[in-house]
Amino acid sequence: MKFKYIAAFAFAVALASCDILDKEPSDSWDSGSAIQTVDDLKYAINGIYETQTGNVSQFGNYTGDFGLFADLKGSDYKCVGGNNMATEISKYLATSTGNLPDAIYQLFYKSIARTNKVMEQAQAAGLTGDEVNACLGELYALRALFHFDLARVYAQLPTVAKSMDDMGIVLATKTFDYTFVPERATLKQTYETILADLDEAIKLMEPIESTHDKNNTTGHMNYWAALALRARVNLYLDDVNVNGTTEHNKLALADAKKIIEEGPYSLYKYADYTSVWAKEFTDESIFEFQTTSQYNPQRNSLGYYTDPSGYAEAAMNDSFVEDFVKNPAYTKDIRVSSGMIMEESYGPKQENKAFYTQKYPGRDGQIYVNNARVFRLSEIYLIAAEAALKTNDETAAAKYIDDLRKERIADYVAGSTASVTIENILTERRLELNGEGHMAWDMWRNGKSINNPMKGEVKPGDNMAVFPIPQANINASHGALKQNPGF
């Protein structure tokens, strides 16, 4: 197995050039030489995942600082340590020549470039069959995920943008020759492309999904993960007109219901909640980026950012502690009690003393080794609740929240939640998904400000809500690639 991982990584590296968008002379690449079998295709796909777990760049991936991006930007987390590794995010210090804006941009586009090359080589090899289609569907789903997360970081969210004709991101749906000059698509084009890739992914993966249980697609974007991403994307679109519809909440609800009712996943039980975080691929896990002792972001990992003995740049903000951890109303809620959020410090001088989430304890004695849980079933219940509320099905919205609370609150009486508001659902998301990269985006997309402990109030649509496009890429495009306002 280790040999296969190493081979997969080497193969993926061989597929990618040094250019961020894989530009190269059109006659320099033998598109049929690398992938000849289904096993070749699977190993190449493994290599794409490994680019996002720290083996290529320690900065900017899902299992590290990007995985905490919306938490660090938001109201509930604060920087305690003094290493200033992620303060471009948490303290709103990003510049067009900064480390993290460049790292996230470069890494995500390299991941897309590798995805495109693997896809094109598989198609050039003429491979066919349901298993090949499932692999191609996985590639479409990955490309959609990378484009969506680039859009969340470098473009305004659709619900707060002035217009869907505003700047989106550079769309990379194929490998480019050396003449290509990157320009930003509109927000509308960006989200239409993301949804088109997801529609294709789901169509390709569905025929083989009946042969897949939860465990034989762990660590990979499968059919259910593609549905989860499409539900999330549609929730972000709300009532914005994309693909000729404004009824994106109905679409989000339909995908969420399908996962809840038909998918091979189940909510964490109350008795298990504190123990699942030290394990991989647990009952709720729809998709995780997997780390190992060899493949992880080292000190730029989720575990190192959320520990007083590490960088300690992702501690709970005082307001969150007062509102939830120390609030008697939440003493039976396992998400903020029973040691899930603990006051900790480091060394005899009690350095970096603060409250920290315990979601990233590490595995095998290594604090660096924590998978990034990109999609969990809990989020799907929360998507369903929000989408149902926004389509005026208040009874269904309350039922989804009630079902989740039954597994989170000791002695909870089923049916206690008879109605919910959007504020209730956002609070539930803060409790359930803290430390998993949602908070600021959840608030902004719903038209609500955040109160960051360093920056203060940041309103939805604020220039500082997004990262700048790296200046080196703008220079390379001779000005064709436009910068975000305010940078």
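These numbers come from a predicted model, not from an experiment. (Residues numbered from 1 in each chain as written. Predicted model: local features only at pLDDT ≥ 70, side-chain atom pairs only at ≥ 80, totals over all residues. Heavy atoms only, no water.)

(A) Fine view of the overall build of the protein. Secondary structure assignment for the protein yields 16 helices and eight strands. Against the globule reference of 23 Å for 487 residues, the protein gives a C-alpha radius of gyration of 22 Å, in line with a compact fold. Oriented by its inertia axes, the alpha-carbon framework of the protein measures out at about 70 × 50 × 50 Å. Every one of the 487 residues in the protein was classed for burial, and the buried ones make up 58%. Considering only contacts within the protein whose residues lie at least 6 apart along the sequence, 73% involve residues at least 24 apart. Surface exposure of the protein reaches about 18,400 Å², of which carbon and sulfur atoms provide 47%. (Helix = DSSP H or I, 4+ residues; strand = E, 2+ residues; numbered from the N terminus. Rg over C-alpha atoms; globule rule 2.2 N^0.38 Å. Buried < 20%, exposed > 50% of the residue type's maximum accessible area, 1.4 Å probe, protein only. Contact = heavy atoms within 4.5 Å. Areas by Shrake-Rupley, 256 points an atom, 1.4 Å probe, with all protein chains shown as cover.)

(B) Spotlight on the environment of Leu68. Inspection of the secondary structure puts Leu68 in the loop between helix H2 (38-50) and helix H3 (69-73). Note: C-alpha distance between Leu68 and Ala86 (18 residues apart in sequence) is 9.4 Å. Residue contacts for Leu68: discarding those within four places in its chain leaves Leu302, Tyr305, Thr306, Ala314 and Gly435.

(C) Representation of the pattern of salt bridges. Across all of its chains, the model carries 35 salt bridges by this definition. Its salt-bridge partner being Lys258, residue Glu262 comes within 3.0 Å of it at the nearest N-O pair. Residue Glu262 and its partner Lys258 are located together in helix H9 (residues 248-262), separated by four residues, close to a single helical turn. Assessed through its relative accessible area of 24%, Lys258 is described here as partly exposed. Of the charged contacts in the structure, one is a salt bridge between Glu423 and Lys448, with a shortest N-O distance of 3.0 Å. Separated by 25 residues along the polypeptide, Glu423 in helix H14 (residues 422-433) and Lys448 in the loop between helix H15 (439-445) and strand E7 (450-452) bring together distant segments of the chain. One connected set of salt bridges, linked through shared partners, spans Glu284, Asp333, Arg335, Lys359, Arg376, Arg405, Arg408, Glu428, Glu432 and Glu436. (Salt bridge = Lys/Arg side-chain N within 4 Å of Asp/Glu carboxyl O.)

(D) Broad picture of the packing of aromatic side chains. Tallying each qualifying case throughout the model produces 29 aromatic pairs. Aromatic side chains Tyr62 and Phe108 sit 5.2 Å apart centroid to centroid with 40° between the ring planes, which places their arrangement in the tilted category. Of the two residues, Tyr62 sits in the loop between H2 and H3 while Phe108 sits in helix H5 (residues 99-124), which places them 46 residues apart along the sequence. Grouping residues by exposure puts Tyr62 and Phe108 together as buried. In this structure, Arg445 is placed above the aromatic ring of Tyr236, and the distance from its NZ or CZ to the ring centre is 5.1 Å. (Phe/Tyr/Trp six-rings, centres within 6.5 Å; stacked < 30°, edge-to-face > 60°. Lys NZ or Arg CZ within 6 Å of the ring centre and 35° of its normal.)

Function-wise, these values are silent; they only describe arrangement.
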